[in-house]
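Analysis of the macromolecular model
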Amino acid sequence: MQKLAIQGGNSLRGDVRISGAKNAALPIMCASLLSADTLHLSNVPDLHDVVTMRKLLVQMGVNIVVREGELSLHGAQIDKLEAPYDMVKTMRASVLVLGPLIARFGEARVSLPGGCAIGSRPVDQHIKGLQAMGAIISIEHGYIHAQVPQGGKLKGARIFFDIVSVTGTENLMMAATLAKGSTVLENAAREPEVVDLAHCLIAMGAKIAGAGSDTITITGVEKLHGASHRIMPDRIESGTFLVAAAATQGNIVLHDTRADILDTILEKLIEAGAHIRVGKDEIALSMQVALKSVNLRTAPYPAFPTDMQAQFMTLNTIAEGSAMMVETIFENRFMHVQELRRLGAQIDIEGNTALVRGTPKLEGATVMATDLRASASLVIAGLVAEGETIIDRIYHLDRGYERIEAKLSQLGANIRRIK
Ligand code: UD1
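Turning to the overall build of the protein, a few remarks are in order. Scanning the protein from N- to C-terminus turns up 14 helices and 24 strands. Radius of gyration (C-alpha) of the protein: 21 Å, near the 22 Å computed for a compact globule of 419 residues. Each principal axis of the C-alpha distribution contributes one length, and for the protein these read about 65 × 45 × 40 Å. Within the protein, the fraction of its 419 residues that count as buried is 57%.

Here is the structure:
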């Protein structure tokens with residue numbers, strides 16, 4: 001199993017290019033199931049989750065041509081309407097094939113995701129929405145089996161999400177593009193990745209209004225056609241590099257990113273003492289004063305993202321003062337705490353709240369990555385800790401960060417992958 005070895009103490013300095021967004025690429029790849037024509041994607045990040053999604057789509061019959069940073073997906077010969085357990089268990093986003101498959105073929109079988117490291121993460125909202133659109137859903141042998149009666153089409157419906165769900169909104173938005181009549185999604189997720197998916201679907205001929213607000217209206221069309229789409233920049237990768245630079249008293253410039261979708265993250269960094277300058281497709285951060293602790297509470301976009309909670313926790317462990325961090329999205333997303341404590345962090349947890357008391361320094365140790373963003377928080381901790389930090393189980397990191405050690409090395413970090 002691969003590990004990362006980090007010698008802490010170097011400030012991050014220089015320029016780094018931000019990759020395409022994982023959480024936009026995965027649903028947009030699934031949109032290829034909606035059409036028999038070719039969907040051409042650029043700025044696709046080279047990540048383990050993207051490879052897993054490619055394998056899943058190929059298993060279903062999608063023909064995929066891979067070029068550096070680009071994918072051409074051709075969905076003319078889909079012959080297997082199923083996402084098997086071994087794929088869904090390694091990548092929950094596999095559930096995103098459900099909406100497109102049932103919309104175009106009237107049938108789909110997708111394994112139930114089951115528990116995952118950061119919480120139970122049910123898919124009841126996806127199911128409820130498809131049922132409202134006329135799908136008959138049964139759970140058989142751990143699989144969701146969805147069918148439209150008599151091979152007909154889904155029907156437009158008014159659907160209210162009881163809980164804001166990103167992939168739930170994406171699944172139902174894709175399903176509604178080929179339904180008869182109009183669908184209104186209320187209390188929909190407003191995440192920029194939902195908007196990016198909507199842009200791609202619109203380029204494919206879908207009629208969608210309101211993506212980015214909490215009410216999305218989709219008017220079904222007979223069929224979708226091919227299109228070309230560039231995947232938006234990854235806001236979580238952007239945020240992670242900015243936090244790493246702030247934590248190491250660094251000075252970096254991110255390129256190919258977007259400041260307008262990072263508002264709450266930039267505000268919190270400024271509150272922590274960072275100086276931020278925003279340009280076209282660029283964000284520069286320099287840290288010239290002592291770090292200050294920042295309180296935060298995760299919530300759906302545009303509030304503070306749960307995917308940045310762990311990284312900010314590391315920042316708070318070495319900042320002046322104490323901070324209260326409340327996690328409202330996932331019930332078990334503090335697994336990095338035990339590992340950060342091994343480096344000397346002072347963190348108490350009560351329910352979904354962590355109280356972090358800043359300490360002057362962390363000390364290198366061997367730690368274990370538990371999930372994707374937890375791994376990122378440990379990398380940042382390794383960059384600031386005294387001595388060497390070894391991070392085990394970094395396959396989590398490879399799921400969502402493109403060439404992270406190469407990018408950090410380029411910024412001056414002393415980091416290497418060991419096998
Ligand atoms: C997406 C992101 C993930 C991010 C999360 C929250 C992708 C591929 N993944 O995950 O990186 O951390 O949004 O921003 O885009 N829930 C239900 N029933 C449902 C669906 C969700 O109860 O049917 C709950 C979940 O358990 C969770 C909350 O709703 O507590 C939000 O989950 P959701 O937005 O669906 O997360 P994902 O789309 O899986």
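The subject of this paragraph is the site of the ligand. Within the structure, the ligand sits among 19 residues, and Asp-124, Ser-165, Thr-167, Asp-307 and Ile-329 are positioned closest to it. Between the ligand and Asp-307, the relevant distance is 2.6 Å, taken from an oxygen atom to a side-chain nitrogen or oxygen of the residue. Contact between the ligand and Ile-329: an oxygen atom at 2.6 Å from a main-chain N or O atom of the residue. Summarising the interface, the protein chains cover 88% of the accessible area of the ligand, which totals 740 Å² for the free molecule. A class-by-class count of the residues in the shell around the ligand yields eight nonpolar, six polar and five charged.

Moving on to the side chain of Ser-72. You can see Ser-72 is positioned in strand E5 (residues 70-74). A polar atom in the side chain of Ser-72 sits 2.9 Å from the side chain of His-40. Apart from the residues lying within four places of it in its own chain, the contact partners of Ser-72 are Thr-38, Leu-39, His-40, Asn-63, Ile-64, Val-65 and Arg-67.

A few words now on the pattern of salt bridges. Enumeration according to the criterion identifies 19 salt bridges in this entry. Here Lys-22 makes a salt bridge to Asp-49, at a shortest N to O gap of 3.7 Å. Of this pair, Lys-22 sits in helix H1 (residues 22-30) while Asp-49 is found in helix H2 (residues 48-60), placing the two residues 27 residues apart along the sequence. For Lys-22, a relative accessible area of 8% corresponds to the buried category.

Of note, Gln-338 is situated in helix H11 (residues 336-342). Classification of Gln-338 as exposed rests on a relative accessible area of 56%. Gln-338 sits ten residues away from Asp-348 along the chain, and the two C-alpha atoms are 9.9 Å apart.

Time to look at the packing of aromatic side chains. Enumeration over the complete set of coordinates arrives at one aromatic pair. For the pair Phe-304 and Phe-312, a centre-to-centre distance of 5.1 Å together with 85° between the ring planes defines the contact as edge-to-face. Its end group placed over the ring of Tyr-143, Arg-109 keeps NZ or CZ at 4.4 Å from the ring centre.

Moving on, we get to the sheet that holds strand E15 (residues 251-255). The pairing of strands in a sheet happens through backbone hydrogen bonds and is either parallel or antiparallel. The four strands lie next to each other as E2-E15-E17-E16, forming an open sheet whose pairing is mixed. What marks the edges here is a single partner per strand, and that holds for strand E2 (13-17) and strand E16 (275-279). Sheet twist, expressed as the average angle between the axes of neighbouring strands with direction ignored, equals 15°. Summarising the sheet, E15 and strand E17 (residues 282-286) pair through five bridges and their orientation is antiparallel. Bridged to Ile-252 within E17 is Leu-285. Most of the contacts of helix H8 (residues 235-247) go to E15, to which it runs at about 170°, and overall it touches E2, E15 and E17. Set on the sheet, helix H9 (residues 263-271) makes contact with E16 and E17; between it and E16 the angle comes to about 150°.

We now examine the environment of Asn-295. Residue placement: Asn-295 occurs in the loop between E17 and strand E18 (296-297). What makes Asn-295 partly exposed here is its relative accessible area of 43%. Spatially, the C-alpha atoms of Asn-295 and Lys-268 are 8.6 Å apart, while their sequence positions differ by 27 residues. Those residues in contact with Asn-295, other than ones at most four positions away along the chain, are Lys-268, Glu-271, Ser-322, Ala-323 and Met-324. Within the structure, the side chain of Asn-295 is placed 2.7 Å from the backbone nitrogen of Met-324, a separation counted as a polar contact.

Definitions and cut-offs
Residues numbered from 1 in each chain as written. Predicted model: local features only at pLDDT ≥ 70, side-chain atom pairs only at ≥ 80, totals over all residues. Heavy atoms only, no water. Helix = DSSP H or I, 4+ residues; strand = E, 2+ residues; numbered from the N terminus. Rg over C-alpha atoms; globule rule 2.2 N^0.38 Å. Buried < 20%, exposed > 50% of the residue type's maximum accessible area, 1.4 Å probe, protein only. Near = heavy atom within 4 Å. Polar contact = N/O pair within 3.5 Å; in protein donor to acceptor, adjacent residues only side chain to side chain. Areas by Shrake-Rupley, 256 points an atom, 1.4 Å probe, with all protein chains shown as cover. Nonpolar A, V, L, I, M, F, W, Y, C, P; charged D, E, K, R; others polar. Contact = heavy atoms within 4.5 Å. Salt bridge = Lys/Arg side-chain N within 4 Å of Asp/Glu carboxyl O. Phe/Tyr/Trp six-rings, centres within 6.5 Å; stacked < 30°, edge-to-face > 60°. Lys NZ or Arg CZ within 6 Å of the ring centre and 35° of its normal. Pairing = 2+ DSSP bridges. Axes fitted to C-alpha atoms, helices over the stretch in contact; angles between N-to-C directions.

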